[in-house]
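Per-entry structural report
Given next are the chains, with one letter for each unit.
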Amino acid sequence: MKKILALLLAGCMALALCACGTPAEPADETGSGGDANASANGDTVVIGVFEPLSGDNGAGGKQEVLGMQYANAETPTVDIGGKTYNVKLEVVDNESSNDKAVSAASNLISKNVSIILGSYGSGVSIAASDTFAQAKIPAVGVTCTNPQITEGNDHYFRICFLDPFQGTVLANFAKDELKAEKVYCLGQLGNDYDQGLMNYFKQAAEKLGMECVVESFPKNNSDFTSYLTTAKNEGADVIFAPTSISYAQLIVEQAAAQGIDMPLLASDTWDSNVILGAAKGKDVKVYVTTFYAEGGNAEFEKGFKEWINSDSTNLSNNGGNDIISAVSVMGYDAYYTALEALKAAGSTNPQDVMAALPGVKYTGITGEISFNEEGDANRDSAFVKTANTESGLWDFVTVQGIDGAQ
């Protein structure tokens, strides 16, 4: 559907050019600009960054933004329609809050952005989606994996795999590698990401013959003792907890304190230095699925680490060390995907960029990036890593697909 609408829109633009002899700029109903705005700003194109810099997902959001900022430092200009533009990143904090996502989105729209990247966290992406749609500005999700983000619309795309896929990968890993027969699933009540991924995991796990016990905890919960005790009393072989980083840290620390010896299995949200710090020196087993494993591209990693270490703010936003998070690499790839969309559009007008996005292809650090008809990335595998509690680093385990390890 997105491809069909894009072709129709492109055809209408071509007819307008023939009729008028010059490119027609649509009325700017949102203040989001077009080529005229870029010229007025000194040939600058603005990429909006919609990410959590605070709240439950603040740590992950900061790391995702770091990847975009590094890419911008590496490639600060882009040629669009025969003209070289400076690329400016406008970063707005959505505070990890669905309630505040709309105002953050509106704030970004007022910055004359041509395309928006984000967010870390599916709930805020879903909450802001209609605001982006009304402004006719395309958005590219970086690591937001809930299917609802792109369903039934023509403006939201994404470069990561989806939760139905990730849930199946996690279930296969639990069955094949962890030899689980019973899994205790724990997520935040009312959280779109947690609840959605637990549901997909449960569906896949039950098809594989595993039993799932599902529980939810209220927002702002800090004591997971009773939940961990329940998992132990239920005889679970694995605890699956696709929670935000702030809750994950508590779960890891309290599982270690209780002597929980069953593996903690989680999704991409746990791929964080915060989790490594929580697990270091403790007798816990933590496994995560994610988008990239350090060691995959030496040249990129060398440059990124040097850039992180060159600035105290960058280092702080990365958790105080130069361990490379997969979300940073995805942020890096998202930036270059946005540049490809701008080049393909030949324009900074958001509607032109939206029309160009379905055909964009880019070879990134995380692999080949292209979009299907729903606007989702064509991805068929995920990395599995485990926390090394001695070194405080991630150890690569396997590359896993829906049919098993690859």
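Quantities reported herein were computed from a predicted structural model and do not represent experimental measurements.

What counts and what doesn't
Residues numbered from 1 in each chain as written. Predicted model: local features only at pLDDT ≥ 70, side-chain atom pairs only at ≥ 80, totals over all residues. Heavy atoms only, no water. pLDDT = per-residue confidence, 0-100. Contact = heavy atoms within 4.5 Å. Pairing = 2+ DSSP bridges. Helix = DSSP H or I, 4+ residues; strand = E, 2+ residues; numbered from the N terminus. Axes fitted to C-alpha atoms, helices over the stretch in contact; angles between N-to-C directions. Expected span 1.5 Å × (residues − 1). Polar contact = N/O pair within 3.5 Å; in protein donor to acceptor, adjacent residues only side chain to side chain. Phe/Tyr/Trp six-rings, centres within 6.5 Å; stacked < 30°, edge-to-face > 60°. Buried < 20%, exposed > 50% of the residue type's maximum accessible area, 1.4 Å probe, protein only. Parallel < 35°, antiparallel > 145°, perpendicular 65-115°, else oblique. Left-handed = near helix turned anticlockwise from the far one by under 90°. Patch = residues over 30% accessible without salt bridge, like charges linked within 9 Å, V, L, I, M, F, W, Y side chains within 5 Å. Areas by Shrake-Rupley, 256 points an atom, 1.4 Å probe, with all protein chains shown as cover. Salt bridge = Lys/Arg side-chain N within 4 Å of Asp/Glu carboxyl O. Lys, Arg positive; Asp, Glu negative; His and termini not counted. Charge placed at Lys NZ, Arg CZ, Asp CG, Glu CD.

1. Points about the confidence of the model for the chain
Per-residue pLDDT for the chain has a mean of 90; in total, 89% of the residues score no lower than 70. Contacts for the low-pLDDT stretch residues 3-41, under 50 throughout, to residues beyond four places or in other chains number 51 contacts.

2. Remarks on the sheet that holds strand E5 (residues 139-141)
Taken in spatial order, the six strands line up as E2-E3-E1-E4-E5-E6 in an open sheet, and their pairing is mixed. Edge positions in the open sheet fall to strand E2 (77-80) and strand E6 (156-158), since each of these has one partner strand only. Geometrically, the sheet is characterised by an average inter-axis angle of 35 degrees between neighbouring strands, direction not taken into account. As judged from the two bridges shared by strand E4 (residues 115-117) and E5, these two strands associate in the parallel manner. Directly across from isoleucine 116, in E5, lies its bridge partner alanine 139. Running at roughly 140 degrees to strand E1 (residues 44-51), helix H5 (residues 122-134) makes contact with E1, E4, E5 and E6 of the sheet.

3. Some words on helix H4 (residues 98-109)
The end-to-end C-alpha distance of H4, which contains 12 residues, comes to 17 Å, matching closely the 16 Å that a straight helix rising 1.5 Å per residue would cover. The secondary structure elements touched by the buried residues of H4 are E1, strand E3 (83-93), E4 and H5. If you check the start of H4, you find a side-chain oxygen 3.2 Å away from the backbone N of aspartate 99, and it comes from serine 97.

4. A short note on the packing of aromatic side chains
Considering all chains together, one arrives at 24 aromatic pairs under this definition. Geometrically, the ring pair formed by tyrosine 336 and tyrosine 362 is stacked, given 5.9 Å between the ring centres and 15 degrees between the ring planes. Of this pair, tyrosine 336 sits in helix H13 (residues 326-345) while tyrosine 362 sits in strand E12 (residues 362-364), and the two are 26 residues apart along the sequence. Pair check on accessibility: tyrosine 336 and tyrosine 362 agree, each one buried. Ring pairing ties together the aromatic residues Tyr70, Phe300, Phe304, Trp307, Tyr332, Tyr335, Tyr336 and Tyr362, which thus form one cluster.

5. What about unusual backbone geometry?
Cis geometry is found at the peptide bond from glycine 118 to serine 119, where omega equals 20 degrees. With respect to the helices and strands, serine 119 occurs in the loop between E4 and H5. Unusually for a residue other than glycine, serine 96 sits at a positive phi of about 60 degrees. On the secondary structure map, serine 96 appears in the loop between E3 and H4.

6. Here's the deal with the packing of H4 against H5
The N-to-C vectors of H4 and H5 enclose an angle of 45 degrees; their axes lie 8 Å apart at closest approach. Relative to H5, H4 is oriented oblique. At the point where H4 passes H5, the crossing takes the right-handed sense. In this structure, H4 uses Asn98, Ala101, Val102, Ala105, Ser106 and Ile109 to contact H5, whose residues at the interface are Gly123, Val124, Ala127, Ala128, Thr131 and Phe132.

7. Some remarks on a negative patch on the surface
On the surface, Glu151, Asp154, Glu373 and Glu374 cluster together into a patch of negative charge. Tracing the chain through its elements places glutamate 373 in the loop between strand E13 (367-369) and strand E14 (382-388). The exposure class assigned to glutamate 373 is exposed, which follows from its relative accessible area of 52%.

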